[in-house]
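# Residue-level structure breakdown
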Amino acid sequence: MMFLAMCVSQRIQLFVGMMLIVLFSACNITKFVPQGDYLLNDVKIKVVDTKDVLPTDLTKYVQQHQNTEILGFWKLQLGIYNTASLDTTKWTSKNAHKVGEAPVIFSPDMADASVLQLTRAMNNKGYFRAEVDTAMTIKERKVNLVYNVKAGSPYLIGDYVVDFDQQDLYDIAQSNRSALLRSGDKFDADVLNQERQRVASAMRSRGYFYFDAEYIRFEADSLRKEQRIDVKMCLQPYVEQMSLEEQDRLFRQYNIANVYFHIDYDLDRIPTDEEMYASSRDGYIFTWVGKKLLRDKVLMRNCPIRPGDRYNERLVERAYARMNQLAPIKYVDISFEPSSSNELDCHIVLSRNKLNSFSAEIEGTYSAGDWGVAAGMGYANRNLFRGAEE
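Below: a short report on this structure. This is a predicted model, so every value here is computed, not measured.

## Re the packing of aromatic side chains
For the structure shown, the criterion picks out 14 aromatic pairs. Taken together, a centroid distance of 5.8 Å and an interplanar angle of 45° make the contact between Phe128 and Phe187 tilted. Of this pair, Phe128 sits in the loop between helix 5 (108-124) and strand 2 (131-139) while Phe187 sits in the loop between helix 6 (167-174) and helix 7 (189-204), and the two are 59 residues apart along the sequence. Taking the relative accessible area as the measure of exposure, Phe187 reaches 10% and is therefore buried. Pairing Phe261 with Tyr284 gives two aromatic rings, centres 6.3 Å apart and planes at 20°, and the pair type is stacked. Linking Phe261 in strand 7 (residues 255-262) with Tyr284 in strand 9 (residues 284-289), this pair joins segments that are 23 residues apart in sequence.

Below, the structure is given as structure tokens:
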């Protein structure tokens, strides 16, 4: 036990020593910054005149950030990088550069690009008169950069109109309970896109398998009112130019014909016909190789997609969630293909997880002044009775 304590103590000392080296290296964080260049030491965003837009909402539009920080100030990875000597051919230097993070060199061009992106982001949020400028301080070859965002007054949605001839599409878009857009709301391009996605998802949940958000567009008119934008939701022009057959396919509701379970599917190898087994019941068709992984009833019970029902995107998402919860299943893929003019076959591919697992652990114990060692082993079977039991 004394030997164990000494080993632990030596490791603690080694760790503390390494941290001191890293901290010392952090004092010279411009060590590998080329002459004539500057380290990008700190980047901040300040929105000066509104609380509706947070700096964190705009961070992703900044094109260049400082080195990774721990606790909001400690550039640990840069410190590790700087522990290397100037002779980068040495083994220690190569490893320090591999584990650490190279200094971020300030780029005026990327700062200008960030100003442009931040301005566009504010425009998309309805602040069409937003202004963005930079405040930069330089000290000891380090640059601290602040993006000052002056939002101005936001534009609001004036009249909001839904223009669809197809009844289900119109009802979904016009829904007062679920709609994300209303007259008087702040104009926001992200919310407009979310509304497109909501309408398209609701259409697919009503059986319109081929309907997608890309078929919807918005027309905006800001000429009539001061800081008000009239918005109309309508179909893309190319949808109206489709043939009658294509439009019928787009606005056709589909039912589920059969549900296929492809069990124990090997992603690296397609089995031969001689290796395959198959069975069917009530519109469910099961194919597998070797010993069947799960009982039919287990799969049917955990699959909300049922033969004869109308296609529903939400049930597909629920099927993914339920199948992924089954311990013997490692991988799930659900796809659909037409089987008739208004029916789809559902194909659910399931690959096998490791069914048996062993575990072992050793831990130190201390009781009444005596040190000791305790060992334990465990075994688990994720599918003991082919019912996804653990």
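Continuing now.
## Some remarks on the pairing of strand 9
Of all six residues that make up strand 9, five are buried, and the element is covered over most of its length. Looking at chain direction, strand 7 and strand 9 are connected through four bridges and run parallel. Each residue of the ladder has a partner; that of Phe261, found in strand 9, is Phe286. Both strand 8 (residues 276-281) and strand 9 contribute to a ladder of six bridges, which runs antiparallel. In the sheet register, Tyr277 faces strand 9, and the bridge partner there is Trp288.

## So, the nonpolar core
Grouped together as the largest cluster of nonpolar side chains are 58 residues, with contacts concentrated most on Phe211, Val259, Phe261, Ile305, Ile334, Phe336 and Ile348. Per-element tally for this core: the top contributor is helix 7, with five residues. Apart from residues no more than four positions distant in its own chain, Phe261 is found in contact with Tyr284, Ile285, Phe286, Thr287, Leu299, Cys303, Met323, Ile348 and Leu350.

## What to know about the side chain of Gln66
Relative to the elements of secondary structure, Gln66 occurs in the loop between helix 2 (55-58) and helix 3 (76-82). A relative accessible area of 18% places Gln66 in the buried class. Apart from the residues within four sequence positions on either side, Gln66 is in contact with Leu40, Asn41, Asp42, Val43, Lys75 and Val104.

Each value, and the rule that gives it
Residues numbered from 1 in each chain as written. Predicted model: local features only at pLDDT ≥ 70, side-chain atom pairs only at ≥ 80, totals over all residues. Heavy atoms only, no water. Phe/Tyr/Trp six-rings, centres within 6.5 Å; stacked < 30°, edge-to-face > 60°. Helix = DSSP H or I, 4+ residues; strand = E, 2+ residues; numbered from the N terminus. Buried < 20%, exposed > 50% of the residue type's maximum accessible area, 1.4 Å probe, protein only. Pairing = 2+ DSSP bridges. Core = buried A, V, L, I, M, F, W, Y, C linked by side-chain atoms within 4.5 Å. Contact = heavy atoms within 4.5 Å.

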